[in-house]
Amino acid sequence: DSLAMTRQVGAAIGEAGKGEALAKKIEAQIAAVRQRAAGRPKVRALLTLDEEGKSLVGAGTYIDDLLTAAGGANVAATLGASWPSADHETLVRLRPEVVIVLRPAAPQSLLESAKRFWASLPNVPAGQGRVYLLNDAYVLLPGAHVGDVAEAIQRCLFDAHRTGATQP
C-alpha cells in the first residue's frame with residue numbers, strides 16, 4: 001500500500017515522475033533486502049513498541065512484511081492479532097532470538113532499560129545481547145523510508161551481533 005500511495009500522492013501534487021521514482025527506489029531497496037536474506041535461516045524475532053514487550057507487532061502489518069523480507073520470522077504472529085499485547089509468560093514462551101524495539105525519538109537510555117528487562121527473562125535467547133533499538137522518527141511510518149526500515153531490521157537480524165553494536 002505504501003508504494004501505491006507514493007505513486008498516488010506524486011500524481012495528486014503534479015509530480016507523478018517523482019512519486020514513481022521514489023516508489024521504484026523503495027521497491028529496489030526491499031528487493032535487495034529480500035535477495036540478501038534468500039537462503040539464510042530465518043531469525044526468530046520480536047518487534048515491540050516498548051522496552052518490556054507489552055505492545056507487539058503481529059502478523060498482517062507492513063512492519064511484519066518488512067521483517068519477513070529482511071529474513072526474520074515474527075514470533076508474535078502466532079498471537080492472532082496485528083498489534084497484540086503480551087505478558088512475561090508469553091514472552092518467555094515465544095523465545096525470540098532477537099528483540100527490536102521500534103520507538104521513534106526514544107533516548108538511548110531506553111535501550112539500556114530494554115537490555116536489562118530482556119536479560120531478566122529466563123530462557124529468552126535475545127536477552128543474551130540481541131536487543132536493539134530503532135529510534136528514527138520514521139520507523140513506524142509507512143512512507144518514503146520503509147526501505148530504510150527494512151535495511152535496519154536486517155542489520156539487527158544478521159549484522160549487529162557480529163559487531164557488538166547496540167544499534168544497527
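From a predicted model like this one, the values you see are computed outputs, not experimental measurements. (Residues numbered from 1 in each chain as written. Predicted model: local features only at pLDDT ≥ 70, side-chain atom pairs only at ≥ 80, totals over all residues. Heavy atoms only, no water.)

Caption draft 1: Inspection of the sheet that holds strand S4 (residues 131-134) at higher detail. Pairing within the open sheet is parallel, and its four strands lie in the order S2-S1-S3-S4. Among the strands making up the open sheet, the edge pair consists of strand S2 (72-74) and S4. When the angles between neighbouring strand axes are averaged without regard to direction, this sheet yields 35°. Bridge count between strand S1 (residues 43-48) and strand S3 (residues 98-102): four bridges; the pairing is parallel. In the strand pairing of S3, Leu 46 is matched with Val 99. The sheet contacts of helix H3 (residues 62-70) involve S1, S2 and S3, and relative to S2 the element is tilted by about 145°. (Pairing = 2+ DSSP bridges. Helix = DSSP H or I, 4+ residues; strand = E, 2+ residues; numbered from the N terminus. Axes fitted to C-alpha atoms, helices over the stretch in contact; angles between N-to-C directions. Contact = heavy atoms within 4.5 Å.)

Caption draft 2: Focus on the packing of helix H2 (residues 16-37) against H3. One can describe the packing of H2 onto H3 by two numbers: an axis separation of 7 Å at closest approach and a directional angle of 45°. As far as their axial angle goes, H3 and H2 are oblique. Residues Ile 30, Val 33, Arg 34 and Ala 37 of H2 pack against Leu 66, Ala 69 and Ala 70 of H3. Looking at side-chain class alone, the contact of H2 with H3 contains six nonpolar, no polar and one charged residues. (Parallel < 35°, antiparallel > 145°, perpendicular 65-115°, else oblique. Nonpolar A, V, L, I, M, F, W, Y, C, P; charged D, E, K, R; others polar.)

Caption draft 3: View of a nonpolar patch on the surface. A cluster of nonpolar side chains, contributed by Met 5, Val 9 and Ile 13, occupies part of the molecular surface with about 300 Å² of accessible area. Here Met 5 falls in the partly exposed class, since its relative accessible area comes to 45%. (Patch = residues over 30% accessible without salt bridge, like charges linked within 9 Å, V, L, I, M, F, W, Y side chains within 5 Å. Areas by Shrake-Rupley, 256 points an atom, 1.4 Å probe, with all protein chains shown as cover. Salt bridge = Lys/Arg side-chain N within 4 Å of Asp/Glu carboxyl O. Buried < 20%, exposed > 50% of the residue type's maximum accessible area, 1.4 Å probe, protein only.)

Caption draft 4: Representation of the pairing of S3. Of all five residues in S3, five are buried, a share of seventy percent or more. Here S3 shows a buried face lined by Val 98, Ile 100 and Leu 102 and a second buried face lined by Val 99 and Val 101. Pairing of S3 with S4, which is carried by four bridges, proceeds in the parallel orientation. Among the inter-strand pairings, Leu 102 is bridged to a residue of S4, identified as Leu 134. At this point the chain moves from S3, through helix H5 (residues 108-119), to the parallel S4, and the crossover so formed is right-handed. (Right-handed = clockwise from strand over helix to strand, strands pointing away.)

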